[in-house]
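If you want the building blocks of each chain, they are given just below.
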Amino acid sequence: MKVKFNVTGMTCAACQARVEKAVSAVPGVTACAVSLLTNSMGVEGNADAAAVIKDGRTYLPIRAVLEAFGAYVTWDSENRQVIATTGMPLVRVHFIEVGQGDATLVDAGELEVLIDGGTNKAGPRLVEYLTGHVDGILDYVIATHPDHDHIGGIDDVLATFQVGEIIDSGYPNSTQSWTDYWAAVEAEPDCILSFDEDRMIPLHETAYLEILETGDHWTTSNDSSVIAQLVCGDVTTLFTGDMTATAERESLSLFRDVDVLKIGHHGSKTSTSQEFLEVIRPEYAVASYKLGNTYGHPTALVLQRLFDFGTTVYGTGKSNTVVLTTNGLAYSFNTDMALTIADAGD
């Protein structure tokens, strides 16, 4: 059956599908469930599909049409339905491919937060990526800790963008990378410098970033990492920098169930402890690493721990930049290339 249906008051192209429309409990939000009658559209997963011309008529992929109208689209494989939701702002988390390092952009529309900046070598590449996503001021930059693979490219970022606030771990270093980073921080005009402490940063009406203070008594830079937790409606994403199992265990009371974990220390065996996972129990996890790195990241030990909890793991070494999109009710990734134990680096 060919039907036409409305999204945000606009009529989209005819599609071979049955549409059920319901108003959710959230004011102003409408969800449409589209049951596919054929696989010809190629909508399963996140796969894109080209338009199909048949019998003189053009059929467009449902996902592309709905997203063009501003809907958030996910695939319910169990019920074979495309779920389209409108009326809620989106948050996108970009786990940026910067080689053997960390850089993550939280894009909440009008506000953007950069968590770490990769290595010195990755700086220009990071700036190029951010240029396509930062609207005017880069509102926050979080330097989780002073290791070169986390702060190396931040001086390039500060040289390119006006930054509203920099949140630092307060743990110094004597490396040239940190010296360059700190000089850029001190030279950034009209910028607030703060250090990690318990606080909540509003992003929009349904999302905020929470800084979780683990204490200032740590004797290593990794354990001094700034811990951040993104909450968007019902969806929670946790960022732990390079925090080790020691700090994880001593800080368990700060954590709760999360949907997505940014894997600590690139998947090193020193992080992502069993005790930690028993508390947070992530559905998905993302590792940032360079394929074939000399550190053996991500390790088989950490991957197996995650698999044992039923966690699906993606990695920048396999998928390049990984993007998480959420409207606070559901979430999806731009890749389905999950890691297996064969992807372990050790």
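For the structure itself, consult the block above.
Conventions adopted
- Residues numbered from 1 in each chain as written.
- Predicted model: local features only at pLDDT ≥ 70, side-chain atom pairs only at ≥ 80, totals over all residues.
- Heavy atoms only, no water.
- Helix = DSSP H or I, 4+ residues; strand = E, 2+ residues; numbered from the N terminus.
- Buried < 20%, exposed > 50% of the residue type's maximum accessible area, 1.4 Å probe, protein only.
- Contact = heavy atoms within 4.5 Å.
- Core = buried A, V, L, I, M, F, W, Y, C linked by side-chain atoms within 4.5 Å.
- Phe/Tyr/Trp six-rings, centres within 6.5 Å; stacked < 30°, edge-to-face > 60°.
- Pairing = 2+ DSSP bridges.
- Axes fitted to C-alpha atoms, helices over the stretch in contact; angles between N-to-C directions.
- Lys, Arg positive; Asp, Glu negative; His and termini not counted.
- Salt bridge = Lys/Arg side-chain N within 4 Å of Asp/Glu carboxyl O.
- Right-handed = clockwise from strand over helix to strand, strands pointing away.

### A short note on the overall build of the protein
Here's step 1: Per the secondary structure count, the protein includes nine helices and 24 strands.
Here's step 2: Across the 346 residues that make up the protein, the buried fraction comes to 54%.
Here's step 3: Counting contacts in the protein only where the partners sit at least 6 residues apart, residues at least 24 apart contribute 64% of the total.

### A short note on the nonpolar core
Here's step 1: With 26 residues, the main nonpolar core has V106 and L203 as its most contacted residues.
Here's step 2: Counting only elements with at least two residues in this core, the list comes to β10 (91-95), β12 (112-115), β13 (138-143), β16 (199-204), β17 (207-212), β18 (227-232) and β23 (322-326).
Here's step 3: Those residues in contact with L203 that sit more than four places away from it in its chain are V106, A108, L111, V113, Y208, L209 and L230.
Here's step 4: V134, F161, W178 and A184 belong to the second-largest nonpolar core, a separate cluster that totals 25 residues.

### Regarding the packing of aromatic side chains
The geometry of an aromatic ring pair is captured by two quantities: the separation of the ring centres and the angle between the planes.
Here's step 1: For the structure on display, the rule yields nine aromatic pairs.
Here's step 2: Ring centres of Y284 and Y314 lie 6.0 Å apart, and the angle between their planes is 25 degrees; this geometry places the pair in the stacked category. Residue Y284 is found in strand β21 (residues 284-287), and its partner Y314 is found in strand β22 (residues 312-315); the two are separated by 30 residues along the sequence.
Here's step 3: Among the residues examined, Y284 registers a relative accessible area of 24% and is labelled partly exposed.
Here's step 4: A relative accessible area of 7% places Y314 in the buried class.
Here's step 5: Members of the aromatic cluster, joined through ring pairs, are Y284, Y314, Y331 and F333.

### Section: the environment of L193
Here's step 1: Inspection of the secondary structure puts L193 in strand β15 (residues 192-195).
Here's step 2: Note on L193: relative accessible area 37%, which makes it partly exposed.
Here's step 3: Once the C-alpha coordinates of L193 and V141 are considered, the two residues, 52 residues apart in sequence, prove to be 9.8 Å apart.
Here's step 4: Sequence-distant contacts of L193, that is, excluding residues within four places in its chain, are made with I166, D168, W182 and V185.

### Comments concerning the sheet that holds β16
Here's step 1: Across the sheet, which stays open at both edges, the seven strands sit in the order β16-β17-β18-β19-β20-β21-β22 with mixed pairing between neighbours. Sheet topology places β16 and β22 at the edges, where each strand pairs with a single neighbour. Shown here is a sheet whose adjacent strand axes are inclined to one another by a mean of 20 degrees, direction ignored.

### Regarding the side chain of E213
Here's step 1: You can see E213 is positioned in the loop between β17 and β18.
Here's step 2: Buried charge without a partner: E213 forms no salt bridge, and the closest opposite charge is R199, 11 Å away.

### A word on the pairing of β21
Here's step 1: Bridge analysis of strand β20 (residues 260-262) against β21 gives three bridges, and the strand direction is parallel. Within the sheet, the bridge partner assigned to L261 lies in β21 and is A285.
Here's step 2: For the segment spanning β20, helix α7 (residues 274-280) and β21, crossover handedness is right-handed.
Here's step 3: Between the parallel pair β21 and β22, the chain is carried across by helix α8 (residues 300-308), and the sense of this crossover is right-handed.

### Examining the pattern of salt bridges
Here's step 1: For the structure shown, the criterion picks out five salt bridges.
Here's step 2: The salt bridge partner of R125 is E97, with a shortest N-O separation of 2.8 Å. In this pair, R125 sits in helix α2 (residues 123-131) while E97 sits in the loop between β10 and β11 (104-107), placing the two residues 28 residues apart along the sequence.
Here's step 3: Between R199 and E165 there is a salt bridge, and its shortest N-O distance comes to 2.6 Å. In this pair, R199 is assigned in strand β16 and E165 in strand β14 (residues 163-168), connecting sequence segments 34 residues apart.
Here's step 4: Of the residues examined, E165 reaches a relative accessible area of 8% and is grouped as buried.

Any link to function would need more than the numbers given here.
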